[in-house]
Amino acid sequence: MGKIISIAKVTFKEGIRERVFLGVLIFVGLLLIGSGFLADLSIGDILKVTQDIGLSGLSLLGLFVALFLSTHLIAKDLDKKTIYLVVSKPIARWQYILGKFLGLSFLTIFAIFVGFIVFLITLFYFWKTAKIYHVPQIAWGKHLLAFVYLNLKMCLLIAVGIFFSSFTSSALVAFSFSLLIYFIGANLQNVKMILESKVGENITPILKSLFKLAYWLFPNLSLLDLKAIAVHNLPLNIGNLGLSLLYGLAYTALLLLFASFIFDRRELN
Amino acid sequence: MSAISLKEIYKTYKKGLRQRILAVKNLSFAVEQGEIFGFVGPNGAGKSTTIKILMGLIFADRGEARLFDLPCSHPKARAKVGFVPEQPALYDHLTGAEFLHFAGELYGLSKKNFMEQALKLLEKVGLKEAMNLKLRHYSKGMQQRLVIAQALITNPELIIMDEPLSGLDPIGRMEIMDLIKSLKEEGKTIFFSSHILHDVETVCDRVALIVRGELKFLGKPDNIEETFREEIQKWAKS
């Protein structure tokens, strides 16, 4: 375990010193601080819009750190042959994969945590100073839960990035495929709802079967998205939450298993 | 038990969809413990390919490669081996000391065992003053010396070096050669590839000459320059 932690620590340090990481952190920080002012310009419940912008900003931050850095740092290791100094030691390749995953996960959680604190302070400020007739209650606990599930979703996406990096040396290819998986995964639930509605009756059985296959194959990221529950203070279904948690963990573990299997057989030229 | 043993190794690379290039062909030899073994050949002869097979970075199509009698693809086989790859990039956000610490941890060393050894090594390779400097500020020669230091962090029995002298200025080369000589005095087994015959002749007990993936000579390095010239001429004619 010490070797895995060691790789994780170096990955974390490497990621945190990437200039682009700092740039995105500042950009999202400003977006979060400005979310209240942006909400002021909109029609509707100012606090709800603030929460919407804030949680979307956090997702954006996590998405960038998870996908860009997971594909970029592994490709850099391969391209610059730094990996020779790691895998030539008495370690197994799966330990390298797991170390990278843990380092990148800590990095993403750290970035989202910093963003979340900025978001909470901003939200609290606008909640206390809101000049509206009826100031709604904020579901702070549900925001915390949304934060936890957002981290889980990002860890799953890091595993997606690592999976693609396990067989391609191109950061761009790995990033593009991972981003594609993100868009498919984020919209699976919506497409499923459309297919189950009246509109779905007009869709051919072949297309429906194809969609069913995709539904089981791709990660259903909507299950880990609790933004609506937090913003609109919707009731929680503990059973569903538990299943979603298990789903996220199992999918991540499976991706890491496949990545390790492929990487173990990969020639490091 | 040999430190390195290669038996009938074959390795091909894919080029495009159909073409295959034979990089190593029927390569067999053994390196005994305590000897300094030079692995020479022109560029593209298959030296780096053989070393990568030994370090488990790539896999032979056929044959058997072993380190201390263990299959080289097994992580345990690399426990007694220090490896110096050809000009790798380092994690430039780390300092020299942090990088050695990282290497030590990958060998499973505890911090207590590591610190003393790391300081000794940094002194040995002349980097003690620069130990707290970020690696991005290191010169090429300093980086190469640090790569050698990380290979020695566990005091390994066998050190495998891929072109350790390439890209270095004459002073840098001299320093690395002195280091190899001092390791020889300590009784280490050293396997290093080079295309600078003079260096190999000075320091090695035995050499293997490889041309186009085939072993052409194995023995004492006394007439290696002449043998090398003959083999290259034969190759050019063919």
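Given the structure is predicted, the values throughout are model-derived calculations rather than measurements.

J.: Can you help me understand the overall build of chain A in this one?
T.: Summing up its helical and strand segments, chain A has 10 helices and zero strands in all. Each helix (α) and strand (β) of chain A, taken in turn from the N terminus, gives the series α-α-α-α-α-α-α-α-α-α. Considering only C-alpha atoms, chain A reaches an extent of 65 × 50 × 30 Å along its principal axes. Across the 269 residues in chain A, those meeting the buried criterion constitute 45%. Excluding contacts between residues fewer than 6 apart, the proportion of contacts in chain A whose partners are at least 24 apart in sequence is 85%.

J.: Sorry if this is basic, but what is going on with the overall build of chain B here?
T.: Scanning chain B for helices and strands turns up seven helices and 10 strands. With respect to the three principal axes, the spread of C-alpha positions in chain B is 55 × 40 × 35 Å. When each of the 238 residues of chain B is scored for burial, the buried share is 43%.

J.: Please clarify how the packing of helix α2 (residues 96-106) of chain B against helix α4 (residues 140-151) of chain B should be interpreted in this entry.
T.: Relative orientation and spacing of two packed helices are given, respectively, by the angle between their axes and the distance between those axes. Residue and element names in this part refer to chain B. At a minimum axis distance of 9 Å, the contact between α2 and α4 shows a crossing angle of 30 degrees. Taken together, the axis directions place α2 and α4 in an arrangement best described as roughly parallel. For the pair α2 and α4, the crossing hand works out as right-handed. Between α2 and α4, the contacting residues are Gly96, Phe99, Leu100 and Ala103 on the first element and Leu146, Ala149 and Gln150 on the second. For the contact of α2 with α4, the per-class residue count stands at five nonpolar, two polar and no charged.

J.: I'm lost on the interface of chain B and chain A in this one. Help?
T.: One widely used convention gives an interface's size as the accessible area the parts lose upon coming together. Each partner contributes residues to the interface: chain B has 21 residues there, and chain A has 22 residues. In terms of residue count, α2(B) provides more of the side of chain B that touches chain A than any other element does, three residues in total. Residue composition of the side of chain B that touches chain A, grouped by class: 15 nonpolar, three polar and three charged.

J.: Which parts of the structure should I look at to understand the packing of helix α6 (residues 140-165) of chain A against helix α10 (residues 238-264) of chain A?
T.: Residue and element names in this part refer to chain A. At their nearest, the axes of α6 and α10 sit 9 Å apart, and the two run at 15 degrees to each other. As far as their axial angle goes, α10 and α6 are roughly parallel. Crossing handedness for the pair α6 and α10: left-handed. Residue-level inspection shows Leu152, Lys153, Cys155, Leu156, Ala159, Val160, Ile162 and Phe163 of α6 in contact with α10, the latter providing Leu245, Gly248, Tyr251, Thr252, Leu255, Leu256, Phe258 and Ala259.

J.: Before we go on, may I ask you to explain helix α1 (residues 47-54) of chain B in this structure?
T.: An α-helix turns once per 3.6 residues; consequently, residues spaced three or four apart project the same way. Residues and elements named next belong to chain B. Within α1, eight of the eight residues are buried, leaving the element largely enclosed by the surrounding structure. Three or more residues of α1 are buried, namely Lys47, Ser48, Thr49, Thr50, Ile51, Lys52, Ile53 and Leu54. Taken from the residues just after α1, Gly56 is the one with a positive phi, measuring 75 degrees.

J.: Would you mind going over unusual backbone geometry with me for this structure?
T.: Most peptide bonds take the trans form, and the phi angle of most residues other than glycine is negative. All names here are of chain B. Of note in the backbone geometry, Asn26 takes a positive phi value of approximately 45 degrees without being a glycine. Residue position: Asn26 is located in strand β2 (residues 19-31). If you check the backbone angles, Asn155 has positive phi at about 55 degrees while not being a glycine. Examined against the element boundaries, Asn155 turns out to sit in the loop between α4 and β7 (158-162). Asn155 sits in the exposed class, given 12 other C-beta atoms within 10 Å.

J.: Looking at this structure, I do not really get the sheet that holds strand β3 (residues 36-40) of chain B. What am I missing?
T.: Pairing between sheet strands relies on hydrogen bonds along the backbone, with the strands arranged either parallel or antiparallel. All names here are of chain B. Strand order across the open sheet formed by six strands is β6-β7-β8-β3-β9-β10, with mixed pairing between neighbours. Single-partner strands in this sheet number two, and they are β6 (81-84) and β10 (214-219). The average angle at which neighbouring strand axes cross in this sheet is 15 degrees, direction not considered. Its contacts with the sheet put α4 on β6 and β7, and the angle it makes with β6 is roughly 165 degrees.

J.: So what exactly am I meant to see when it comes to the nonpolar core here?
T.: Nonpolar side chains tend to gather and get buried jointly when the protein is soluble and globular. Membership of the largest hydrophobic core comes to 143 residues, with the highest contact counts inside it found for Ala159(A), Ala149(B) and Ile160(B). With sequence-adjacent residues up to four places away left out, Ile160(B) is seen in contact with Ile51(B), Leu54(B), Met55(B), Val81(B), Phe83(B) and Phe191(B).

J.: Explain helix α3 (residues 46-79) of chain A to me, please; I cannot follow it from the model alone.
T.: All names here are of chain A. For α3, with 34 residues, the first-to-last C-alpha span of 48 Å sits near the 50 Å given by 1.5 Å per residue. The principal kink in α3, of about 30 degrees, is found at Leu69. Just beyond α3, the residue with positive phi is Lys81, at close to 65 degrees.

J.: Explain the sheet that holds strand β1 (residues 4-15) of chain B here, please?
T.: The four strands lie next to each other as β2-β1-β4-β5 (chain B), forming an open sheet whose pairing is antiparallel. On the outer flanks of this sheet lie β2 and β5 (70-71) of chain B, each paired with one strand and no other.

J.: What should I look at first to understand the pairing of β10(B) in this one?
T.: Each regular strand carries side chains that alternate between the two faces of the sheet. All names here are of chain B. In terms of strand pairing, strand β9 (residues 206-211) meets β10 through five bridges, oriented antiparallel. Across the sheet, the residue bridging to Val207 is Gly219, located in β10. Connecting the antiparallel pair β9 and β10 is a turn made up of two residues, with Arg212 showing a positive phi of about 45 degrees.

J.: Help me understand the environment of Phe102(B) in this model?
T.: As for its placement among the helices and strands, Phe102(B) is situated in helix α2. Note: C-alpha distance between Phe102(B) and Glu185(B) (83 residues apart in sequence) is 27 Å. For Phe102(B), the contacting residues outside a window of four places in its chain are Ser6(A), Val10(A) and Leu94(B).

J.: Looking at this structure, how should I read the confidence of the model for chain B?
T.: When pLDDT is low, close inspection of the predicted coordinates is not appropriate. Looking at chain B as a whole, the pLDDT averages 86, with 100% of positions reaching at least 70. For this predicted complex, the interface score ipTM comes out at 0.88, alongside a pTM of 0.89.

J.: Please clarify how the environment of Ile158(A) should be interpreted in this entry.
T.: Residue and element names in this part refer to chain A. Locating Ile158 in the fold gives a position in helix α6. Along the chain, Ile158 and Leu224 lie 66 residues apart, while their C-alpha atoms are 14 Å from each other. Filtering out sequence-adjacent residues up to four positions away, Ile158 remains in contact with Ala66, Ser70, Phe101, Leu104, Ser105 and Thr108.

What counts, and at which threshold
- Residues numbered from 1 in each chain as written.
- Chains lettered and ligands numbered in written order.
- Predicted model: local features only at pLDDT ≥ 70, side-chain atom pairs only at ≥ 80, totals over all residues.
- Helix = DSSP H or I, 4+ residues; strand = E, 2+ residues; numbered from the N terminus.
- Buried ≥ 20, exposed ≤ 12 C-beta atoms within 10 Å, placed from the backbone.
- Contact = placed C-beta atoms within 7 Å.
- Axes fitted to C-alpha atoms, helices over the stretch in contact; angles between N-to-C directions.
- Parallel < 35°, antiparallel > 145°, perpendicular 65-115°, else oblique.
- Left-handed = near helix turned anticlockwise from the far one by under 90°.
- Nonpolar A, V, L, I, M, F, W, Y, C, P; charged D, E, K, R; others polar.
- Pairing = 2+ DSSP bridges.
- Core = buried A, V, L, I, M, F, W, Y, C linked by C-beta atoms within 7 Å.
- Expected span 1.5 Å × (residues − 1).
- Bend = angle between axes of the 7 residues up to and from the residue.
- pLDDT = per-residue confidence, 0-100.

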